[in-house]
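# Structural overview for review
Chain by chain, the residues run as shown.
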Amino acid sequence: MASQSDHKAMIIDGKAIAQTIRSKIAVEVRNLSQKYDKVPGLAVVIMGSRKDSQSYVSMKRKACAEVGITSVDVDLPENVSQDDLIAKVHKLNVKPDVHGILVQLPLPRHINEEKVLSEISIERDVDGFHSLNIGKLAMKAENLYSFLALPRQDIGNGCLELLSRSGISITGKKAVVVGRSNIVGSPVALLLLQANATVTVVHSHTLDPESIIRQACIIIAAAGQAMMVKGGWIKPGAAIIDVGTNAIDDSRKKSGYRLVGDVDFQEACKVAGWITPVPGGVVGPMTVEMLLKNTLDGAKRVIAK
């Protein structure tokens, strides 16, 4: 009989799952093109030259090209005024070949993110960040235009997709979300509630987070704190989706740092049933696929009606 020290969690391969989804999207896009001579269009708006944002946007535009979705590129200077940015969004709202609009976050400090995101047409809100989409999610509305695709470190719908495709049931399970940001923790908690989990949110003011996390069958870690969740905090057999992406010093790397999640991966592997790696789990692979899927769904509502 294997000892606990021999235990090894199943690695949830976000890249492989994402590729399966991408292949299916490519087929659906090709079918739309052949039947209606039209393809989905995604407008990606970016301000400034932040390296991380530029990297994310490049990844999304490349993914669009791979599946046949038209990428409408809107690159603006960092000092663009809020009025000018909103004017660009309004033009995209009525552009007939645009079915999804993404404004890359974070925005420059002089821009009100909530104001700009609320100016995106709700039908084209493929990130799901429009206040009405968030409200519909909270009210368990059945006519949500999109689920949360999450353009940065979070992934809402992608987290649930990873669980589902790994054969992990959510209904009736105790789930703990670590972190309560508007872009990650709060939406993920709402999605888990919709999937009939019993959900607790752990945040910076939570007393004794260790004891709460240890009760969870499903852990979604999105606190932005490197290796915060230790192996001793994890219930044996739990499923862990690690959304965190944190840089820590590592002199062995040419860059001088390496990326780790919010969960201590090495410790967690000895206890958990399933776990996503960082990098290569949620952030990146699944984020992009959910974005492409939401764009495709938006296009089908218009093109195939």
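If you're wondering where the values come from, they're calculated on a predicted model, not measured in any experiment. (Residues numbered from 1 in each chain as written. Predicted model: local features only at pLDDT ≥ 70, side-chain atom pairs only at ≥ 80, totals over all residues. Heavy atoms only, no water.)

A word on the overall build of the protein chain. Per the secondary structure count, the protein chain includes 10 helices and 11 strands. Against the 2.2 N^0.38 benchmark of 19 Å for 305 residues, the protein chain shows a C-alpha radius of gyration of 20 Å, consistent with a compact globule. Seen along its three principal axes, the alpha-carbon backbone of the protein chain occupies a region of about 60 × 40 × 40 Å. Partitioning the intrachain contacts of the protein chain with sequence separation of at least 6 by distance along the chain shows that 68% fall at a separation of at least 24. Total accessible area on the protein chain stands at roughly 14700 Å², and carbon and sulfur atoms take up 51% of it. (Helix = DSSP H or I, 4+ residues; strand = E, 2+ residues; numbered from the N terminus. Rg over C-alpha atoms; globule rule 2.2 N^0.38 Å. Contact = heavy atoms within 4.5 Å. Areas by Shrake-Rupley, 256 points an atom, 1.4 Å probe, with all protein chains shown as cover.)

A few words on the layout of surface pockets. Roughly 280 Å³ of volume is contained in the second largest pocket. Of all the secondary-structure elements, those providing two or more residues to the lining of the second largest pocket are helix H4 (113-119), helix H5 (131-138) and helix H7 (185-194). If you tally residues by element for the lining of the second largest pocket, the top one is H4, at 4 residues. Across the lining of the second largest pocket, the residue classes tally to 7 nonpolar, 5 polar and 2 charged. (1 Å grid on protein atoms, 1.4 Å probe; cavity = no way out; pocket = protein on both sides within 12 Å on 5 of 7 lines; lining within 4 Å. Points joined across faces, edges and corners; volume = space filled by probe spheres on them. Nonpolar A, V, L, I, M, F, W, Y, C, P; charged D, E, K, R; others polar.)

Read across the open sheet, the 6 strands follow the order S1-S11-S8-S7-S5-S6; overall the sheet is parallel. Looking along the sheet, the strands with just one partner apiece sit at the ends: strand S1 (10-11) and strand S6 (198-202). With 4 bridges connecting them, strand S5 (residues 174-178) and strand S7 (residues 218-221) associate as parallel partners. What sits directly across from Val178, in S7, is Ala221. Set on the sheet, helix H6 (residues 156-165) makes contact with S7 and strand S8 (239-242); between it and S8 the angle comes to about 145 degrees. Each of S5, S6 and S7 is contacted by H7, which is oriented at about 170 degrees to S5, the strand it contacts most. (Pairing = 2+ DSSP bridges. Axes fitted to C-alpha atoms, helices over the stretch in contact; angles between N-to-C directions.)

All right, on to the nonpolar core then. Core analysis: the largest hydrophobic core is formed by 69 residues, its most contacted members being Val103, Leu192 and Ile220. The element contributing the most residues to this core is helix H10 (residues 285-303), with 8 residues. When neighbours within four sequence positions are excluded, Ile220 is seen to be in contact with Cys159, Val176, Val177, Val178, Val188, Leu192, Ile241 and Val243. (Core = buried A, V, L, I, M, F, W, Y, C linked by side-chain atoms within 4.5 Å. Buried < 20%, exposed > 50% of the residue type's maximum accessible area, 1.4 Å probe, protein only.)

Moving on: H10. Under the 1.5 Å per step criterion, the end-to-end length of H10 is 27 Å for 19 residues, consistent within 8% with the ideal 27 Å. Buried residues dominate H10, accounting for 14 of its 19 residues. (Expected span 1.5 Å × (residues − 1).)

Along the chain, Leu105 connects to Pro106 via a cis peptide bond; the corresponding omega equals 0 degrees. Going from Val278 to Pro279, the amide bond is cis rather than trans, its omega being -5 degrees. Residues other than glycine seldom take positive phi values, yet Asp208 does so here, at roughly 55 degrees. Located in the positive-phi region is Met227, a residue other than glycine, with phi close to 50 degrees. Along the chain, the position of Met227 falls in the loop between S7 and S8.

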